[in-house]
Amino acid sequence: MIKQIAISSSQIKLLAEHSKKNSPNESCAILFGKTENNITTIKDIFFAKNIEESPVNFTISNDELISAYSQAEKKNLDVSGIFHSHPVSEPYPSSTDKKYMEVNDVPWVIFSNIEDKFMAYIYNSGIVQIPLKVS
Ligand SMILES: [Zn+2]
């Protein structure tokens, strides 16, 4: 089971900028990385478009998902996480997020624009918060 997610401060900065640029709508991205010793390290970010253009939900198109998986494979990385932002709420999973987290059991990273804060979660017979280590 994944116990921690590691990300660089420059990646954190890019994700925060992506969220601010897309506000008031939610922004999303697919995180590429590698998992070793239960630690997922993020190596690259695939910035995606929220086709719902909604402040409370996000959806990544199938075309973008396919292209993300093929890019990850080319880079010899795994699809290791899902990122999205909450422009007007805290960085906790919504009921919709929880539903999708159950079927996408990679780490989920949520950024709250109002709190300027990142949190990470994973589904493991329930939603658990995992530490997000920024270096
Ligand atoms: Zn959400």
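The structure this text deals with has already been given above.
This report concerns the structure included in the present document. A quick note: this is a predicted structure, and the numbers were derived from the prediction, not measured.

**Considerations on the layout of surface pockets**
What the largest pocket holds in volume is close to 430 Å³. In terms of lining, the largest pocket is formed by 21 residues, of which the most central are Phe58, Ile82, Tyr100, Asn104 and Trp108. Where the lining of the largest pocket is concerned, the elements lending two or more residues are helix 2 (62–74), strand 4 (78–86) and helix 3 (95–103). Taken together, the residues that form the lining of the largest pocket break down as eleven nonpolar, six polar and four charged.

**Re unusual backbone geometry**
That bond from Ser23 to Pro24 is cis: its omega, 10 degrees, falls within 30 degrees of zero. Tracing the backbone through its elements, the reader meets Pro24 in the loop between helix 1 (9–22) and strand 2 (28–36). Positive phi outside glycine occurs at Ser125, with the angle close to 45 degrees. Secondary-structure assignment places Ser125 in the loop between strand 6 (117–123) and strand 7 (127–130).

**Structural notes on the packing of aromatic side chains**
All chains considered together, the criterion is met by four aromatic pairs. On the numbers, 6.2 Å between centres and 35 degrees between planes, the contact of Phe32 with Phe46 is tilted. A residue pair is termed long-range when its members are at least 10 positions apart, and Phe32 in strand 2 and Phe46 in strand 3 (residues 39–48) qualify at 14 residues. An identical accessibility class is assigned to Phe32 and Phe46; each is buried. When the centroid spacing of 6.2 Å and the interplanar angle of 35 degrees are considered together, the rings of Phe83 and Phe118 count as tilted. One end of the pair, Phe83, is in strand 4; the other, Phe118, is in strand 6, with 35 residues separating them in the sequence. Ring pairs connect the aromatic residues Phe83, Phe111 and Phe118, which therefore count as one cluster.

**Thoughts on the nonpolar core**
Grouped together as the largest cluster of nonpolar side chains are 18 residues, with contacts concentrated most on Ile5, Leu15, Leu31, Phe83, Val109, Phe118 and Leu132. Elements supplying a minimum of two residues to this core: strand 1 (4–7), helix 1, strand 2, strand 3, strand 5 (108–112) and strand 6.

Rules and cut-offs
- Residues numbered from 1 in each chain as written.
- Predicted model: local features only at pLDDT ≥ 70, side-chain atom pairs only at ≥ 80, totals over all residues.
- Heavy atoms only, no water.
- 1 Å grid on protein atoms, 1.4 Å probe; cavity = no way out; pocket = protein on both sides within 12 Å on 5 of 7 lines; lining within 4 Å.
- Points joined across faces, edges and corners; volume = space filled by probe spheres on them.
- Helix = DSSP H or I, 4+ residues; strand = E, 2+ residues; numbered from the N terminus.
- Nonpolar A, V, L, I, M, F, W, Y, C, P; charged D, E, K, R; others polar.
- Phe/Tyr/Trp six-rings, centres within 6.5 Å; stacked < 30°, edge-to-face > 60°.
- Buried < 20%, exposed > 50% of the residue type's maximum accessible area, 1.4 Å probe, protein only.
- Core = buried A, V, L, I, M, F, W, Y, C linked by side-chain atoms within 4.5 Å.

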